[in-house]
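Here are the chains, one letter per residue:
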Amino acid sequence: MATPLSDVSLMAQPTQEAAAPIIRTIDISDLREALRLGWEDFKEVPTHAILLCLIYPILGLVLARIVLGYSVLPLLFPLAAGFALIGPFAALGLYELSRRLEHGEPTPAWGALQVVHSQSFGAMLALGTLLLALFVTWVAVAQAIYVAAFGYQPAAAIPDFAARMLTTPQGWWLIAATCGVGFLFAMVVLCVSVVSFPMMVDRHVGAGEAMATSLRVVARNPVPIAVWGLIVAALLALGTLPFFLGLAVVLPLLGHATWHLYRAAVVPDPTRSESDPYPPSIREHRSAADFPSVLFPPWPRKQRTRFFDACE
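Now for a look at the structure at hand. (Residues numbered from 1 in each chain as written. Predicted model: local features only at pLDDT ≥ 70, side-chain atom pairs only at ≥ 80, totals over all residues. Heavy atoms only, no water.)

### Structural notes on the pattern of salt bridges
Worth spelling out the cut-off: Note on definitions: salt bridges are taken to be side-chain nitrogens of Lys or Arg within 4 Å of carboxyl oxygens of Asp or Glu. Secondary structure follows DSSP: runs of H or I at least 4 residues long count as helices, runs of E at least 2 residues long count as strands, and numbering of each begins at the N terminus. Between buried and exposed lies partly exposed: a residue is buried under 20% and exposed over 50% of the maximum accessible area for its type, with that area taken using a 1.4 Å probe on protein chains only.
Evaluation of the coordinates by the stated rule reveals seven salt bridges. A salt bridge links E96 to R100; the shortest N-O distance between them is 2.9 Å. Here R100 and E96 lie together in helix α7 (residues 92-102), a separation of four residues that amounts to about one turn. The two residues E96 and R100 agree in class, both being buried. The shortest N-O distance in the salt bridge between E102 and R263 comes to 2.8 Å. With E102 in helix α7 and R263 in helix α14 (residues 247-265), the pair connects residues that are 161 residues apart, well separated along the chain. Take E102: its relative accessible area is 36%, and that puts it in the partly exposed class. Take R263: its relative accessible area is 14%, and that puts it in the buried class. Each of E96, R99, R100 and E105 takes part in salt bridges that share partners, so that together they form one network.

What follows is the structure, encoded as structure tokens:
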């Protein structure tokens, strides 16, 4: 005879695992359309988007002041370039705004914060922590490259630093090495996050399945995704001018456009109900002693298999 406890246990477990998302083949025209729709979303809620991303221009100015004031000028470029590594996580609120606009829902300023009620918010934090770790590693590697080229002697001022970089063999080597290593970091982040965060906002899946889907999108569309990475890099470079203030427009545009790129690359879930975007769920008890794995939802065997197959 089944006890009430066993009945609850059975109800808490899904009857079957969700099928893997269907990936579409996209082309350059889809990238243009994603940017166009992203710009339309930005025009629809410009105040909200700028407020969400205002921290970035402010942070950029603060970083510039710290760099000039504390003789760590060589780190200015790695810190600025690092926006591309943590940007996918920082744009969570923008994905939520685009989702609301897509379904005709109200888009007040606090609407972007509703993403914290997602069942996958813990997975979003976990993947965001991974991107932050990559950002810190990138800055440390860039510093090590500079030390290998010029030693521990600091740059006294911008003219002195520019002269070292542009007129010496060590400076040319530093530029090539930094750009090469930075490209590798950016490629890793692009592969694992190109649609991961929008998918977690949309479907409430775990970090593993989201990254596996992102890798499948890249494998199915290597050229368009590579072009998308170049577009992101170019727009972020433009956004640093003047004094990082352009990021107040570039980051919202890229955030909204990434949502529409996700929509173009991944077929919507036919079983997904939009009437209740953040339904309650029964969660098994997980101890805080399991941190950081407690941030990830349980990862079924079939999802693990799909993730590792995508990595091969």
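That covers the picture; the talk isn't over yet.
### Notes on the side chain of T213
Convention followed: Whether two residues touch is decided by their heavy atoms; if any such pair falls within 4.5 Å, the residues are in contact.
Tracing the backbone through its elements, the reader meets T213 in helix α12 (residues 207-220). Taking relative accessible area as the criterion, T213 reaches 1% and is therefore assigned buried. Leaving out residues up to four positions away in the same chain, T213 has contacts with P21, I23, V195, M199 and V266.

### Some thoughts on the packing of helix α2 (residues 28-44) against α14
What counts is decided by this rule: Every axis in this analysis is a line fitted to C-alpha atoms, fitted for helices over the stretch in contact. Angles between the N-to-C directions lie between 0 and 180 degrees. If an angle is under 35 degrees, it is roughly parallel; if it is over 145, roughly antiparallel; if it lies from 65 to 115, roughly perpendicular; otherwise it is oblique. Crossing handedness: left-handed means the near helix sits turned counterclockwise from the far one by under a right angle, and right-handed means the same turn made clockwise. In this count, Pro and Cys sit with the nonpolar residues alongside Ala, Val, Leu, Ile, Met, Phe, Trp and Tyr, while Asp, Glu, Lys and Arg are called charged and the others, Gly among them, polar.
Look at α2 against α14: their axes get within 7 Å of each other, and the N-to-C directions meet at 125°. What the angle tells us is that α2 and α14 run oblique. In this structure, α2 meets α14 at a crossing whose hand is right-handed. Mapping the contact onto sequence places L31, A34, L35, L37, G38, W39, D41 and F42 in α2 and A248, V249, P252, L253, H256, A257, H260 and L261 in α14. Residues belonging to the contact of α2 with α14 are distributed by class as follows: 12 nonpolar, three polar and one charged.

### Remarks on the packing of aromatic side chains
Geometrically, a pair of aromatic rings is defined through the distance of the ring centres and the angle of the planes. Using the following cut-off: Here is the rule: rings of Phe, Tyr and Trp (six-membered ring for Trp) pair when centre to centre is within 6.5 Å. Planes less than 30 degrees apart are stacked, more than 60 are edge-to-face, and the remainder are tilted.
Considering all chains together, one arrives at five aromatic pairs under this definition. Ring geometry for W39 and F42: centres 5.3 Å apart, planes at 35°, overall tilted. Pair noted here: W39 and F42 are both in helix α2, with a separation of three residues, about one helical turn. A relative accessible area of 36% places W39 in the partly exposed class. Look at F42 and you get buried, because its relative accessible area is 7%.

### Details of the packing of helix α6 (residues 83-90) against helix α10 (residues 169-193)
Any two packed helices are characterised by the angle at which their axes cross and by the distance between the axes. Two numbers describe how α6 lies on α10: the axes approach to 9 Å, and their chain directions differ by 15°. Considering their axes alone, α6 and α10 lie roughly parallel with respect to each other. For the crossing formed where α6 meets α10, the hand is left-handed. Contact residues: A84, L85 and P88 in α6; F185, A186, V189 and S193 in α10. Per-class residue counts for the contact of α6 with α10 are six nonpolar, one polar and no charged.

### Some thoughts on helix α11 (residues 196-203)
For α11, a buried count of eight out of eight residues is recorded, marking the element as mostly surrounded by other parts of the structure. For α11, the full list of buried residues reads S196, F197, P198, M199, M200, V201, D202 and R203. For α11, the secondary structure elements touched by its buried residues are α6, α7, α8 (121-150), α10, α12 and α14. At the C-terminal side of α11, H204 shows a positive phi close to 60°.

### Let's talk about the nonpolar core
Test applied: Take the buried residues of types Ala, Val, Leu, Ile, Met, Phe, Trp, Tyr and Cys, join any two whose side-chain atoms come within 4.5 Å, and each joined set is a nonpolar core.
F197 and M200 are the most contacted members of the largest nonpolar core, which totals 59 residues. Element by element, the count of residues in this core is highest for α14, at 11 residues. If sequence neighbours within four positions are ignored, F197 has contacts with P88, F89, L92, Y95, M124, L127, G128 and L131. By size, the runner-up hydrophobic cluster in this structure holds nine residues, among which are L73, Y146, L174 and A177.

### Quick notes on helix α13 (residues 222-239)
As a reminder of what qualifies: A helix is expected to reach a length of 1.5 Å times the quantity of its residues less one.
Its 18 residues place the ends of α13 26 Å apart at the C-alpha level, agreeing with the 26 Å of an ideal helix rising 1.5 Å per residue. Contacts from the buried residues of α13 go to α2, α6, α10, α12 and α14.

### Considering unusual backbone geometry
Even without being a glycine, H204 presents a positive backbone phi close to 60°. Tracing the backbone through its elements, the reader meets H204 in the loop between α11 and α12.

### Side note on a nonpolar patch on the surface
Where we set the bar: For patch building, the residue pool is restricted to those with more than 30% relative accessible area and no salt bridge; the joining distance is 9 Å between like charges and 5 Å between nonpolar side chains (Val, Leu, Ile, Met, Phe, Trp, Tyr). Values of accessible area rely on a 1.4 Å probe in the Shrake-Rupley scheme; residue burial ignores everything except the protein chains shown.
On the surface, F183, L184 and M187 cluster together into a nonpolar patch covering about 310 Å² of accessible area. Its place among the elements puts M187 in helix α10. A relative accessible area of 38% places M187 in the partly exposed class.

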